[in-house]
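A structural walkthrough
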Amino acid sequence: MSKKDSKKSVLTLHPERCKGCRYCIPTCPKDAISVSEKINQKGYKPVMVDMETCIGCGSCYTICPDYVFEIKEVQ
Amino acid sequence: MVERLIPTALVEDNKFCPGCGHGIINRILAEVLDEMKLTDKAIGSMAVGCACLMVDTFGVDWIQSPHGRAAALATGIKRCRPENPVFTYQGDGDSMSIGFSETMYAAFRNENITAILVNNGIFGMTGGQMAPTSLPGQKTVTSPMGRNTDLTGQPLNIINQMKDLNIGYLARGSVTSIKNINRVKKYIRNAFETQMSGGGYSMVEILSPCPTNWKMMPDKSLEHIDNTVTTYYPLGEYVKKGGDSNE
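Below or above, wherever it landed, is the structure these notes cover.

**A short note on the overall build of chain A**
The helix and strand inventory of chain A stands at two helices and four strands. Moving toward the C terminus, one meets the helices and strands of chain A in the order β-α-β-β-α-β. Counting only C-alpha atoms, chain A reaches 45 × 20 × 20 Å along its principal axes. Across chain A, contacts joining residues at least 24 apart in sequence account for 60% of those joining residues at least 6 apart.

**Structural notes on a positive patch on the surface**
All names here are of chain B. Where like charges cluster on the molecular surface, the positive patch consists of K179, R183, K186, K240 and K241. Tallying contributions element by element places helix α7 (residues 178-196) first for the positive patch, with three residues. In this structure, R183 sits in helix α7.

**Side note on the interface of chain A and chain B**
Counting residues at the interface gives 24 residues for chain A, matched by 33 residues for chain B. Between chain A and chain B, the buried area comes to about 2300 Å², and carbon and sulfur atoms account for 57% of it. In terms of surface lost to chain B, no three residues of chain A exceed Y23, Y61 and Y67 of chain A, which account for 33% of the buried area on that side. The tally of links between chain A and chain B comes to 17 residue pairs in polar contact (both at pLDDT 80 or more). Of all the elements in the fold, those that place two or more residues in the side of chain A that touches chain B are α2 (59-63) and β4 (69-74) of chain A.

**Description of the environment of A107 of chain B**
All names here are of chain B. In this fold, A107 is placed in helix α4 (residues 100-108). Overall, the relative accessible area of 0% leaves A107 in the buried class. In this structure the C-alpha to C-alpha distance between A107 and A71, which are 36 residues apart in sequence, comes to 9.0 Å. For A107, the residues in contact, after removing those within four places along its chain, are M162, L165, N166, I167 and Y201.

**Notes on unusual backbone geometry**
In this structure, Y67 of chain A takes a positive phi of about 60 degrees despite not being glycine. Along the chain, the position of Y67 of chain A falls in the loop between α2 and β4.

Procedures and definitions
Residues numbered from 1 in each chain as written. Chains lettered and ligands numbered in written order. Predicted model: local features only at pLDDT ≥ 70, side-chain atom pairs only at ≥ 80, totals over all residues. Heavy atoms only, no water. Helix = DSSP H or I, 4+ residues; strand = E, 2+ residues; numbered from the N terminus. Contact = heavy atoms within 4.5 Å. Patch = residues over 30% accessible without salt bridge, like charges linked within 9 Å, V, L, I, M, F, W, Y side chains within 5 Å. Areas by Shrake-Rupley, 256 points an atom, 1.4 Å probe, with all protein chains shown as cover. Salt bridge = Lys/Arg side-chain N within 4 Å of Asp/Glu carboxyl O. Lys, Arg positive; Asp, Glu negative; His and termini not counted. Charge placed at Lys NZ, Arg CZ, Asp CG, Glu CD. Buried area = accessible area lost by both parts, 1.4 Å probe. Polar contact = N/O pair within 3.5 Å; in protein donor to acceptor, adjacent residues only side chain to side chain. Buried < 20%, exposed > 50% of the residue type's maximum accessible area, 1.4 Å probe, protein only.

What follows is the structure, encoded as structure tokens:
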């Protein structure tokens, strides 16, 4: 299987869970995470991710206390 | 690349404050239970404090004990159900202050249970009172001028109390970075492997931020652990199936 055919890691975001601690922002190696201006149901400004920049490394998943990020594999 | 999906044991959003380390530790514990295929069999013992907020959100069987007595309760569960993985999940005020005796005697008896002790150096749920683990000079609502060690003693280092006992596994980690979180996951896995192989008492102490009661921004609370808290509570594995040396 060539590298082009291998699976790709894609981030799924759950902004409704975010409590705005911002641990993910300095942890992201690509600076793809920023703060949204919208307010979620819990009353916090959640983070948002630039999907073009994201490489699906999972650093944000590891540091997040509120399970906002998931990394899924797609073809 | 590996998929990083929310573990099955996390059945609801957690109820902790923003930036609380319990959320990270809950996820690590749930990942380890999933990877070891123990989620369906695990029985948790908890007492009182912020840790007991996970009774609704962490999908294993739980029994709640009176304040501090989780280790004594876990002893009973494990002796009745030796085939099930049994663990305690407690904060430092719970396990090292109110339940210090139960925690120490479970280790002293080398009970075949796993203890997850989350140390944030303060009584969190009750509003930020001084704990035995509070640092010298730490300002809390019951030590507004800072902890005076002449009056209240030095911070309680539970690992120093346990490391010479005949136990299976003892380690201390923190959740301040990806590297440290991955280490904590390895420690918790080692602890459950020790229990499932009948290796005796296993304990992992985890240094965790409490931004709300420390009155710090979450990022500053992680820096505080790395720069200050770890000088009083050094990280690492202290006992690894090394109990035999005391026999």
